[in-house]
Amino acid sequence: MAFHSVNSSPISGTKLPICYSVPGQLIFDMTTTSVRTSTRPDLIAILENNGFRVTGPRIEIIKCLEKLPDGFTAEEVAESLSQVSRATVFRTLKLLLGANVLCRLALPGGAPRYSLSRAEHHHHTVCVNCGKVGEFRASTIERLLRAIGSEIPGEILGHNIELHILCNTCGP
């Protein structure tokens, strides 16, 4: 899978490019309020390219992940695939996390939720009531990193931002 650099200038004080896209899939970019196109990664090809066997159970897990809404737990995947062992589900999720095509999100007081990644560099919203996961990109966060980069002793290698929200469905 190839990621294409949208803006290859690094964040000041870091070696990180500002953003990337995966060709062919729609992404809402908050920096420009526009929709761009990039593709969802081919999860089977990613397993093969990383030297992992593509087994029947892994194919079933991948099919399940592609049908699930964003914000699923490992337990939900395991429960929906009674023919696949729980251990295989967890190991496959770990492989996909390592390949950076799955995002792991921590909820306060709850089991981690997962979401298929749609862009290399993005941030998340997580509804604390229903667990729905959203992705967003905001140039303000990148500007903040540039601004504080010189004040941090050391080199910023990355960051994760999760906003815990009440989604429009659960909110007042």
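Everything discussed here concerns the structure shown above.
Right, let's walk through the structure included here. (Residues numbered from 1 in each chain as written. Predicted model: local features only at pLDDT ≥ 70, side-chain atom pairs only at ≥ 80, totals over all residues. Heavy atoms only, no water.)

1. Overview of the environment of Cys-64
Thinking step 1. Note on placement: Cys-64 falls in helix 2 (residues 56–67).
Thinking step 2. The exposure class assigned to Cys-64 is buried, which follows from its relative accessible area of 11%.
Thinking step 3. Note: C-alpha distance between Cys-64 and Val-77 (13 residues apart in sequence) is 7.1 Å.
Thinking step 4. Look past the residues within four positions of Cys-64 in its chain and what remains in contact with it is Val-77, Ser-80 and Leu-81. (Helix = DSSP H or I, 4+ residues; strand = E, 2+ residues; numbered from the N terminus. Buried < 20%, exposed > 50% of the residue type's maximum accessible area, 1.4 Å probe, protein only. Contact = heavy atoms within 4.5 Å.)

2. Quick notes on helix 4 (residues 86–98)
Thinking step 1. The first and last C-alpha atoms of helix 4 sit 19 Å apart over 13 residues, in line with the 18 Å expected at 1.5 Å per residue.
Thinking step 2. Where helix 4 is concerned, the buried positions are Thr-88, Val-89, Thr-92, Leu-93, Leu-95 and Leu-96. All buried residues of helix 4 lie within an arc of 160 degrees about the axis, which places them on one face of the element. Turned more than 90 degrees off the buried face of helix 4, the exposed positions are Lys-94 and Gly-98.
Thinking step 3. Positioned one or two residues after helix 4, Asn-100 has a phi angle of 60 degrees, which is positive. (Expected span 1.5 Å × (residues − 1). Arc of directions from axis to C-beta.)

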